[in-house]
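Descriptive structure summary
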Amino acid sequence: MTRTRTRILTLLACAVLLLAGCSGGGDGADDGRITLRFQSLAWQDESVKANKELVREWNAGHPDVRVEYVQGSWDSVHDQLLTSFEGGEAPDIIHDASDDLADFAYGGYLADLTELLPARLKSDIPERSWETVTFGDGVYGVPFLQEPRVLIANATLLKESGVRIPTPEHPWTWPEFRQVTKELSGDGTYGVAWPLKEPVSATLNLSLSTGGKLFHRGADGKVTVRFETGDQVVPRTVHDQVDTDHSASPTTLGSGGSDTLPGFFAGKYAMVPLGFSYRQQIEQQAPEGFDWQVLPAPAGADGLAQGVSPQTLSIAEDSPHKKEAAAFVDFLLKPDNMVRLALGDWMLPTGEQALKDPALHTDEHGWATGTALAEHLRPAPAQSVRGYAEWKDKVATPALQEYYSGAIGMDELRHRLEEDGNLVLARYQR
């Protein structure tokens, strides 16, 4: 039986049994309790456990508002949510990422949280994080987990080479990073392996450190692409490491982050730029005795700045219980609970109180290095650009892949990002 037919039959039954207080469509149970569906994208065992424990704790303390845990998947979340929105079957509380919210927010699928969230939560999360979920005059999600890109390094190779070890207080510059990767190369080892199967996000977000902006919004609100000097430092560095210095592996350019780990463990690569949460995979998969450490990404004219798209919690516009859903979000993101979620995902909380937790300031597994980078995280450049998904898939991804492989030069890369890219964006800004 389809869900649509089930809902029709339920509504018919309710019409007959009004005096019994019948409710359907997931809005409540036969005993009058409100039921909220919380779709989580947690996938690592520790993270799933933390989320489910928090749901159980909420349910134990709130007998009149029950939360049902629904398991989602990052691989299909956008299409799945779009289908559920259009079909009237969206979960009440939605776990997603800020760079996936723009079309849902402008499309009217997400509730504006401006008046729903408590002052505690609003003040605890810094304004730079709220910018990632603000579209127009509304706030359409709560940013709660974030991760910087860092360098995961083979500590043994670094020590043997004698290179200066960077810290958040004294990071490598981009030219210094390029020189270090040359010094670390040789005897079957590359200084760095760039996993750039999805090159756009990494390139744009790291380019904030060099003054890159790429997307420029005019007084009329329209966005244009300009690939300027600051935008070119990071892609030029990667290109030169691969093509000129031979200090970066050419074979990993089409790989995902996890694909580089076997070679990293085998000593083929001295360093791999990865998201902070990859530390969990490394800790679980590294061979016994393998010594690794976390280093900050290189700094440029704008220091250690880099773009992020935090994980978010939103509320469906069609939810009949927005206040109750907001109360659950507030519970889930209390400082102690936010720390539990961050530790489960090996990521950083956005909340300033949670970031002070001692568990996030230990040297073990590089937690202290990552936490020191939190203040430098900024909204990803493409955060509020309508048409970004098409620009990324049809223009930027193939252009960057060809540039990194040496098939095209910098001038052609700039032409395609700007000329072809602006044609795509223009269709969304009429």
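For the structure, check the block above.
Counting buried positions along helix H9 (residues 199–206) yields seven of eight residues, so the element is predominantly enclosed. Among the residues of H9, Pro199, Val200, Ala202, Thr203, Leu204, Asn205 and Leu206 are the ones counted as buried. Looking at the buried residues of H9, the elements they touch are strand E7 (149–154), helix H8 (174–183), strand E8 (215–217), helix H10 (229–243), strand E12 (306–308) and helix H17 (388–404).

In spatial order, the strands read E10-E7-E11; together these three strands make up an open sheet with antiparallel pairing. Bordering the open sheet on either side are strand E10 (271–275) and strand E11 (292–296), each of which pairs with just one other strand. Across the sheet, the mean angle separating the axes of adjacent strands is 35 degrees when strand polarity is ignored. Relative to E10, E7 runs antiparallel, the two sharing five bridges.

This part covers the side chain of Ser255. Along the chain, the position of Ser255 falls in the loop between H10 and helix H11 (261–265). Ser255 sits in the buried class, given a relative accessible area of 14%. Look past the residues within four positions of Ser255 in its chain and what remains in contact with it is Pro195, Leu196 and Lys197.

With that out of the way, let us pick up the packing of H8 against H10. The N-to-C vectors of H8 and H10 enclose an angle of 15 degrees; their axes lie 11 Å apart at closest approach. Considered as vectors, H8 and H10 are oriented roughly parallel to each other. Crossing angle aside, the handedness with which H8 passes H10 is right-handed. Facing Trp174, Phe177, Arg178 and Thr181 of H8, the residues of H10 in contact are Val233, Val234, Thr237, Asp240 and Gln241. Of the residues contributing to the contact of H8 with H10, the split by class is four nonpolar, three polar and two charged.

Before going further, it helps to spend a moment on the packing of H17 against helix H18 (residues 410–426). In the contact formed by H17 and H18, the axes pass within 10 Å of each other and the chain directions differ by 170 degrees. Taken together, the axis directions place H17 and H18 in an arrangement best described as roughly antiparallel. Here Tyr388, Glu390, Trp391, Val395, Ala396, Pro398, Ala399, Leu400, Glu402 and Tyr403 of H17 come into contact with H18, specifically with Met410, Leu413, Arg416, Leu417, Asp420, Gly421, Val424 and Leu425. Here the residues of the contact of H17 with H18 sort into 13 nonpolar, one polar and four charged.

Membership of the largest hydrophobic core comes to 53 residues, with the highest contact counts inside it found for Phe38, Val142, Phe328 and Leu333. With near-sequence residues (within four places) excluded, Phe38 lies in contact with Asn51, Val55, Val67, Glu68, Tyr69, Val70, Ile93, His95, Leu313, Phe328 and Leu332. In terms of nonpolar packing, the next biggest core, distinct from the first, is built from 46 residues, Leu158, Val163, Phe215 and Ile408 among them.

As a further point, take the pattern of salt bridges. Evaluation of the coordinates by the stated rule reveals 14 salt bridges. Residues Asp330 and Lys334 are paired through a salt bridge, measuring 3.8 Å at the closest nitrogen-oxygen approach. Under the relative-accessibility criterion, Asp330 is labelled buried at 15%. On the basis of relative accessible area, Lys334 is assigned to the partly exposed category, the value being 36%. Residues Asp411 and Arg414 are paired through a salt bridge, measuring 2.8 Å at the closest nitrogen-oxygen approach. Taken together, the residues Asp411 and Arg414, both in helix H18 and three residues apart, mark about one turn of the helix.

For H17, built from 17 residues, the straight-helix expectation of 24 Å at 1.5 Å per residue is missed by more than 12%, its first-to-last C-alpha distance being only 21 Å. At Ala396, H17 shows its maximal bend, which comes to roughly 40 degrees, and the proline Pro398 appears one to four places after that position. If you check which residues of H17 are buried, you get Tyr388, Glu390, Trp391, Val395, Ala396, Thr397, Ala399, Leu400, Tyr403 and Tyr404. Buried residues along H17 sit in contact with H9, E8, strand E9 (223–225), H10 and H18.

Analysis parameters
- Residues numbered from 1 in each chain as written.
- Predicted model: local features only at pLDDT ≥ 70, side-chain atom pairs only at ≥ 80, totals over all residues.
- Heavy atoms only, no water.
- Buried < 20%, exposed > 50% of the residue type's maximum accessible area, 1.4 Å probe, protein only.
- Helix = DSSP H or I, 4+ residues; strand = E, 2+ residues; numbered from the N terminus.
- Contact = heavy atoms within 4.5 Å.
- Pairing = 2+ DSSP bridges.
- Axes fitted to C-alpha atoms, helices over the stretch in contact; angles between N-to-C directions.
- Parallel < 35°, antiparallel > 145°, perpendicular 65-115°, else oblique.
- Left-handed = near helix turned anticlockwise from the far one by under 90°.
- Nonpolar A, V, L, I, M, F, W, Y, C, P; charged D, E, K, R; others polar.
- Core = buried A, V, L, I, M, F, W, Y, C linked by side-chain atoms within 4.5 Å.
- Salt bridge = Lys/Arg side-chain N within 4 Å of Asp/Glu carboxyl O.
- Expected span 1.5 Å × (residues − 1).
- Bend = angle between axes of the 7 residues up to and from the residue.

Read these as spatial facts, not as claims about activity.
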